[in-house]
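The residues making up each chain are set out below.
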Amino acid sequence: MAFGWIDEQAELRRRAGLVRTLRPRAADTPLLDLASNDYLGLARHPEVTEGAARAARTWGGGSTGSRLVTGTTELHAELERELAGFCGFEAALVFSSGYAANLAAVTALAPHGSLIVSDAGNHASLIDGCRLARGTTQVAAHADPDAVRKALGAHDGPAVAVSDTVFSVDGDAAPLAALAEACREHGAGLVLDDAHGLGVLGDGGRGAPHAAGVAGADDVVVTVTLSKSLGSQGGAVLGPSRVIEHLVNAARTFIFDTGLAPAAAGAALAALRLLRREPGRAARAGEVARELHTRLTAAGLEAVRPDAAVVSVRAPSPERAVRWAADCRAAGLSVGCFRPPSVPDGISRLRLTARADLSGAEIERAVRVIGETRP
């Protein structure tokens, strides 16, 4: 029978407690949201939603084609200029998603004969970029510049190190300055995914590379998503102009994909301008994360100290993590639930998003619910 093996895989997932299901959410919900990636609380901000609506009214519901045909509007170019300037880079290139941006950066910058040194804790999109690239990938120990240095030292030829700036599972930050130094010792490039740093770290939310002093360097390329702190959708690659020009000509997820919808570009641009005007939102997200961590650990829970806005709480098993998240939801709190294969170390977790717009009362409520429903 065609696809008969699917039933076997489904049964294995069920036994392991790893079945995933879609849960459509309503536009208006009483749940307290600590599950989304809306770090700055901008997804429903009036200026952001109006930016999306205005762009749709002006440019239409879709971009109508790939970026190299009809899918590049003046709005896309405006977003690229302002995003690059805000984060401290020469140029930027907008993609339909952060996933597509990561695939583009890794595959286009790791040709045949090159070495990719990839952090063991990297996001799936970076891992898939490594798999698709023509270069050879070597996985390095998590957040270990010496491991990167050792791998680069054993290779003769073009090389690039690839890492998240803030890892999505535990919210820990990579040692960016040390990684950049290790790469420069061997003439290698550095590709950083700042999905969880933009809008939270750096001066006014300019990102982790900006905070580490590596933004704008001619050997550093950064990818970002527009779907987290900026409350929209899409992604971008930031870097030297010659790298961006290379991506325009060589990145398959740019050349062959439909351009980002104008509404998403308009929303992201409005959010970026709002963040520039209200830089305190970035600092507030970090404050909320630290407050959550302090209160959770005081309640006897095993929470990882956050370096940005992700707070991770360890769970005993995949099954009990799912039950814990469901019990939180029944009590009015929405939290993320990370299980294998989403977690590289096999440890299941509740994953909390520290939003800048959370009040003290909401933080207290969230900690109370998590404590009362613990397995």
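Being a predicted model, the structure only gives us computed values, none of them experimental. (Residues numbered from 1 in each chain as written. Predicted model: local features only at pLDDT ≥ 70, side-chain atom pairs only at ≥ 80, totals over all residues. Heavy atoms only, no water.)

What about the overall build of the protein?
Step number 1: A tally of regular secondary structure across the protein gives 14 helices and 12 strands.
Step number 2: Expressed along its principal axes, the backbone C-alpha trace of the protein runs to roughly 55 × 55 × 50 Å.
Step number 3: Residues counted as buried form 51% of the 375 residues belonging to the protein.
Step number 4: Long-range pairs, those at least 24 residues apart, make up 71% of the contacts in the protein between residues at least 6 apart in sequence.
Step number 5: Of the accessible surface of the protein, which amounts to about 16,700 Å², a share of 52% is contributed by carbon and sulfur atoms.
Step number 6: Across the protein, 39 positive and 42 negative side-chain charges occur, with their mean positions spaced 5 Å apart. (Helix = DSSP H or I, 4+ residues; strand = E, 2+ residues; numbered from the N terminus. Buried < 20%, exposed > 50% of the residue type's maximum accessible area, 1.4 Å probe, protein only. Contact = heavy atoms within 4.5 Å. Areas by Shrake-Rupley, 256 points an atom, 1.4 Å probe, with all protein chains shown as cover. Lys, Arg positive; Asp, Glu negative; His and termini not counted. Charge placed at Lys NZ, Arg CZ, Asp CG, Glu CD.)

Re the domain arrangement of the protein
Step number 1: When the domains of the protein are assigned, the result is domain 1 (19–39 + 279–373) and domain 2 (46–277).
Step number 2: Distance between the C-alpha centres of domain 1 and domain 2: 26 Å.
Step number 3: For the pair domain 1 and domain 2, the summed buried surface comes to about 1,700 Å²; carbon and sulfur atoms form 61% of the total.
Step number 4: By the criterion of area lost to domain 2, the three top residues of domain 1 are Y39, P279 and D307, representing 32% of everything that side buries. (Domains from an automatic or database assignment. Buried area = accessible area lost by both parts, 1.4 Å probe.)

What about the layout of surface pockets?
Step number 1: When its volume is computed, the second largest pocket comes out at roughly 330 Å³.
Step number 2: Around the second largest pocket, the lining is made up of 18 residues, and of these L109, A159, V160, G189 and V243 lie nearest the centre.
Step number 3: Counting only elements with at least two residues in the lining of the second largest pocket, the list comes to β5 (159–164), β6 (189–193), β7 (220–225) and α9 (241–250).
Step number 4: Its residues assigned to classes, the lining of the second largest pocket shows 11 nonpolar, four polar and three charged. (1 Å grid on protein atoms, 1.4 Å probe; cavity = no way out; pocket = protein on both sides within 12 Å on 5 of 7 lines; lining within 4 Å. Points joined across faces, edges and corners; volume = space filled by probe spheres on them. Nonpolar A, V, L, I, M, F, W, Y, C, P; charged D, E, K, R; others polar.)

Some points on the sheet that holds strand β3 (residues 115–119)
Step number 1: As summarised here, the arrangement of the seven strands in space is β2-β8-β7-β6-β5-β3-β4, forming an open sheet in which the pairing is mixed. Looking at the sheet topology across the chains shown, the edges are occupied by β2 (91–95) and β4 (136–140). The sheet shows a mean angle of 20° between the axes of neighbouring strands, taken without regard to direction.
Step number 2: Pairing between β3 and β4: five bridges, direction parallel. (Pairing = 2+ DSSP bridges. Axes fitted to C-alpha atoms, helices over the stretch in contact; angles between N-to-C directions.)

Things to note about the packing of helix α12 (residues 280–298) against helix α14 (residues 360–372)
Step number 1: One can describe the packing of α12 onto α14 by two numbers: an axis separation of 10 Å at closest approach and a directional angle of 35°. Note that α12 runs across α14; the crossing there is right-handed. Residues R284, V288, E291, L292, R295 and L296 of α12 touch α14, and the partners they reach there are I363, E364, V367 and I370.
Step number 2: Of the residues that constitute the contact of α12 with α14, the class distribution is six nonpolar, no polar and four charged. (Left-handed = near helix turned anticlockwise from the far one by under 90°.)

Comments concerning the packing of helix α6 (residues 145–153) against helix α7 (residues 176–185)
Step number 1: For the pair α6 and α7, the least separation of the axes is 9 Å and the interaxial angle reads 15°. Judged by the angle between their axes, α6 and α7 are roughly parallel. Where α6 crosses over α7, the handedness of that crossing is right-handed. The segment α6 lies against α7, with P145, V148, R149 and L152 engaging A178, L179, E181, A182, C183 and E185.
Step number 2: Broken down by class, the residue content of the contact of α6 with α7 amounts to seven nonpolar, no polar and three charged. (Parallel < 35°, antiparallel > 145°, perpendicular 65-115°, else oblique.)

Quick word on the packing of aromatic side chains
Step number 1: Applying the stated criterion across every chain yields a total of one aromatic pair.
Step number 2: When the centroid spacing of 5.6 Å and the interplanar angle of 70° are considered together, the rings of F95 and F254 count as edge-to-face. Here the residue F95 occupies a position in strand β2, and F254 occupies one in helix α10 (residues 252–255), the gap between them amounting to 159 residues.
Step number 3: Overall, F95 belongs to the buried group, its relative accessible area being 2%. (Phe/Tyr/Trp six-rings, centres within 6.5 Å; stacked < 30°, edge-to-face > 60°.)

Some words on empty space enclosed by the protein
Step number 1: Applying the stated criterion to the full structure yields two cavities of 30 Å³ or more.
Step number 2: Taken as a whole, the largest cavity encloses approximately 80 Å³ of empty space.
Step number 3: Lining the largest cavity are 13 residues, with D119, V148, V162, S163 and L179 positioned closest to its centre.
Step number 4: Broken down by secondary-structure element, the contributors of at least two residues to the lining of the largest cavity are β3 and β5.
Step number 5: In the lining of the largest cavity, the residues fall into nine nonpolar, two polar and two charged.
Step number 6: For the second largest cavity, the calculated volume is near 50 Å³.
Step number 7: Lining the second largest cavity are R67, V94, F95, S96, T253, F254, D257, T258, G259 and L260.
Step number 8: For the lining of the second largest cavity, the secondary-structure elements that each account for two or more residues are β2 and α10.
Step number 9: Tallied by class, the residues present in the lining of the second largest cavity amount to four nonpolar, four polar and two charged.

Remarks on α7
Step number 1: Every buried residue of α7 is accounted for by L176, L179, A180, A182 and C183. Across the axial projection of α7, the buried residues extend over an arc of 160°, all falling on one side.
Step number 2: Structurally, α7 contributes buried residues whose contacts are with α6, β5, β6 and α8 (208–212).
Step number 3: With its phi angle positive at about 65°, G187 sits one or two positions after the end of α7. (Arc of directions from axis to C-beta.)

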